[in-house]
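Read off the chains here:
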Amino acid sequence: MVTWPELNVQHVLNLVANKQQGMFFNEFLKPMTVAIAMAALSLPAQAASLFTFTGTGTIIGSNNAAFNAGSAASLTFTFDADNADTNPLPNRGQYSYPFVGEIVGVFGAETFRVAGPGGRADVTDSVNNRDQFIGGTDISAVSDSGTYAGVQLQFDFRDLDLSAFSSDALPTSLNLADFTGQFDRADFTVTGGSVGQVVASFSSVTIAPVPAVPLPATGVMLLAGFGGFAAMRRLKRSQDSR
């Protein structure tokens, strides 16, 4: 816990008015700078293993008349690439709760959301004659319109040429060209509840690192504190030389 120095405004003004910069530094600026430094250092660091998946495409099939083939669709989520493999098997990674924040699926006019970290993902490298990356939610999604509830969002990348993945780790890059074979798949769905099943095909996929968090306000305050300290030192040296 960071303890902030108590500020007596009148006392500070008196010190400055009486040109007692040394006391001003020792009684106020120095402990304030130290407190700001401790606060800045205590901030949690953002994991460098976070990636955002963004996929866009079109609906290719539905058993619900409200979702028309050819309508735009998209799937977005953030995941932790360092999520632990929960059941290590040869060439197969199984990951529970790898998602961070919301999982958002858009199918036509409906947007479905699931709050993280629920969900799962599996990666297989050359298992059962396929490379595969599949995942989905285990918490029911609801639509922004309130029309649909109790549904699941899922995705499936399947390559029978065994060229898509070289390991069973969560992938930080994908090439849709690896999933264009006759029996390959690169699609995502919303299914269950009153929505039935709606399937969309990916036409574009991007997996990008989550940008680093900008310098927090406490960092700016820390720099200001050091700047004030330097200014006080210069002022004191100037007065001592007179």
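Structure: above.
Every value quoted in this text rests on a predicted model; they were computed, and no experiment measured them.

Calculation notes
- Residues numbered from 1 in each chain as written.
- Predicted model: local features only at pLDDT ≥ 70, side-chain atom pairs only at ≥ 80, totals over all residues.
- Heavy atoms only, no water.
- Helix = DSSP H or I, 4+ residues; strand = E, 2+ residues; numbered from the N terminus.
- Buried < 20%, exposed > 50% of the residue type's maximum accessible area, 1.4 Å probe, protein only.
- Contact = heavy atoms within 4.5 Å.
- Areas by Shrake-Rupley, 256 points an atom, 1.4 Å probe, with all protein chains shown as cover.
- Phe/Tyr/Trp six-rings, centres within 6.5 Å; stacked < 30°, edge-to-face > 60°.
- Pairing = 2+ DSSP bridges.
- Core = buried A, V, L, I, M, F, W, Y, C linked by side-chain atoms within 4.5 Å.
- Salt bridge = Lys/Arg side-chain N within 4 Å of Asp/Glu carboxyl O.

1. So, the overall build of the chain
Item 1. What the chain contains, in helices and strands, is 3 helices and 11 strands.
Item 2. Ordered by position from the N terminus, the helices and strands of the chain form the series α-α-β-β-β-β-β-β-β-β-β-β-β-α.
Item 3. A buried classification covers 38% of the 242 residues belonging to the chain.
Item 4. Partitioning the contacts of the chain with sequence separation of at least 6, the portion at a separation of at least 24 is 64%.
Item 5. Accessible surface for the chain amounts to roughly 13,200 Å². Of this, 56% is attributable to carbon and sulfur atoms.

2. What to know about the packing of aromatic side chains
Item 1. Evaluation of the coordinates by the stated rule reveals 20 aromatic pairs.
Item 2. Taking 6.5 Å as the distance between ring centres and 85° as the angle between the ring planes, the aromatic pair formed by Phe133 and Phe165 counts as edge-to-face. Pair noted here: Phe133 is in strand E7 (residues 130–136) and Phe165 is in the loop between strand E9 (152–159) and strand E10 (185–192), with a separation of 32 residues, a long-range link.
Item 3. Here Phe133 falls in the buried class, since its relative accessible area comes to 3%.

3. Points about the pairing of strand E4 (residues 99–107)
Item 1. Across 6 bridges, the pairing between strand E2 (residues 72–80) and E4 is antiparallel. Its bridge partner lying in E4, Thr76 is registered against Val104.
Item 2. Summarising the sheet, E4 and strand E5 (residues 110–114) pair through 5 bridges and their orientation is antiparallel. Residue pairing across strands places Ile103 opposite Val114, the latter belonging to E5.

4. Describing the pairing of strand E11 (residues 196–209)
Item 1. Bridge count for strand E1 (residues 50–62) against E11 is 11 bridges, and the pairing is antiparallel. In the sheet register, Phe51 faces E11, and the bridge partner there is Pro209.
Item 2. In sequence, E10 turns back onto E11 through a hairpin of 3 residues, with Gly193 there showing a positive phi of about 55°.

5. So, the nonpolar core
Item 1. Among the nonpolar cores identified, the biggest contains 37 residues, and Phe53, Phe107, Phe112 and Phe157 are the most heavily contacted of them.
Item 2. Looking at this core element by element, the count peaks at 5 residues for E11.
Item 3. Among residues more than four places away in sequence, those in contact with Phe107 are Ile59, Phe67, Ala72, Ala73, Phe112, Leu153, Phe188, Thr189, Val190, Val198 and Ala200.

6. With respect to the sheet that holds E4
Item 1. Read across the open sheet, the 11 strands follow the order E3-E6-E7-E9-E10-E11-E1-E2-E4-E5-E8; overall the sheet is antiparallel. Single-partner strands in this sheet number two, and they are strand E3 (92–96) and strand E8 (142–143).
Item 2. Across 2 bridges, E5 lies against E8 in antiparallel orientation. Within E8, the position partnered with Phe112 by the bridge is Ser143.

7. A look at the pattern of salt bridges
Item 1. What the rule picks out here adds up to 6 salt bridges.
Item 2. The closest approach of N and O atoms between Glu102 and Arg113, which form a salt bridge, is 3.3 Å. Of this pair, Glu102 sits in strand E4 while Arg113 sits in strand E5, and the two are 11 residues apart along the sequence.
Item 3. Assessed through its relative accessible area of 32%, Arg113 is described here as partly exposed.
Item 4. Its salt-bridge partner being Arg185, residue Asp156 comes within 3.5 Å of it at the nearest N-O pair. Separated by 29 residues along the polypeptide, Asp156 in strand E9 and Arg185 in strand E10 bring together distant segments of the chain.
Item 5. Among the residues examined, Asp156 registers a relative accessible area of 9% and is labelled buried.
Item 6. Through salt bridges with shared partners, a single ionic network connects Asp156, Arg158, Arg185 and Asp187.

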